[in-house]
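Working through the structure, step by step
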Amino acid sequence: MKKRQEKKEKGEDDPLSKANLWIEVEEAFKKYDLDSDGRLSCEEAQAYIKDWAAKRMDPNEAEEVATFDDIDTNGDGYISKDELYAFIKDQRSLHSELF
């Protein structure tokens, strides 16, 4: 019980905590950044978006989650860790019942 309270105080149980969001970003890059260049190409990002939505959403809604261009906010043709962080944070805020 004490450990659970400590985790809660540190924000470790909070799906919107900075630590939890960065963990998800790092895990995504380990799995989907196939060329290890520190950014997700359109193809790599589409695989991530598809898998991410399939795990968390109704299949009919999964197509509507986001496009590559929605996440690539600076328009450079790649998704950075910061851009993915912002996407995950937004999705967790919008769909808190899924997390």
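The sections below set out a description of the structure shown in this document. The shown structure was predicted, so the numbers you read here are calculated from the model rather than taken from an experiment.

1. Observations concerning the overall build of the protein
- When its secondary structure is counted, the protein shows six helices and zero strands.
- Sequence-ordered secondary structure for the protein, helices as α and strands as β, is α-α-α-α-α-α.
- Looking at the protein alone, contacts between residues at least 24 apart form 52% of all its contacts between residues at least 6 apart.
- Surface summary for the protein: the accessible area is close to 6800 Å², and the carbon and sulfur share equals 48%.

2. Some thoughts on the pattern of salt bridges
- Across all of its chains, the model carries three salt bridges by this definition.
- For the salt bridge of Glu-24 with Arg-92, the shortest nitrogen-to-oxygen distance reads 2.2 Å. Here the residue Glu-24 occupies a position in helix H2 (residues 18-32), and Arg-92 occupies one in helix H6 (residues 81-94), the gap between them amounting to 68 residues.
- A salt bridge links Lys-81 to Glu-26, with the nearest nitrogen and oxygen atoms 3.2 Å apart. In this pair, Lys-81 sits in helix H6 while Glu-26 sits in helix H2, placing the two residues 55 residues apart along the sequence.
- For Lys-81, a relative accessible area of 28% gives the class partly exposed.

3. Overview of helix H3 (residues 42-56)
- End to end, H3 covers 21 Å across 15 residues, agreeing with the expected 21 Å (1.5 Å per residue, within 8%).
- Looking at H3, one finds that the buried residues are Glu-44, Ala-45, Tyr-48, Ile-49, Trp-52 and Ala-53. The buried side chains of H3 occupy one side of the element, clustering within an arc of 155° when seen end-on. Turned more than 90 degrees off the buried face of H3, the exposed positions are Glu-43, Lys-50 and Ala-54.

4. Section: unusual backbone geometry
- Phi angles above zero are rare outside glycine, and Ser-36 is one such case at about 55°.
- Overall, the relative accessible area of 62% leaves Ser-36 in the exposed class.

5. Things to note about the side chain of Glu-83
- Residue placement: Glu-83 occurs in helix H6.
- Despite its burial, Glu-83 remains without a salt bridge, the nearest opposite charge being carried by Arg-39 at 9.3 Å.
- Within the structure, the side chain of Glu-83 is placed 3.0 Å from the backbone nitrogen of Thr-73, a separation counted as a polar contact.

What counts as what
Residues numbered from 1 in each chain as written. Predicted model: local features only at pLDDT ≥ 70, side-chain atom pairs only at ≥ 80, totals over all residues. Heavy atoms only, no water. Helix = DSSP H or I, 4+ residues; strand = E, 2+ residues; numbered from the N terminus. Contact = heavy atoms within 4.5 Å. Areas by Shrake-Rupley, 256 points an atom, 1.4 Å probe, with all protein chains shown as cover. Salt bridge = Lys/Arg side-chain N within 4 Å of Asp/Glu carboxyl O. Buried < 20%, exposed > 50% of the residue type's maximum accessible area, 1.4 Å probe, protein only. Expected span 1.5 Å × (residues − 1). Arc of directions from axis to C-beta. Lys, Arg positive; Asp, Glu negative; His and termini not counted. Polar contact = N/O pair within 3.5 Å; in protein donor to acceptor, adjacent residues only side chain to side chain.

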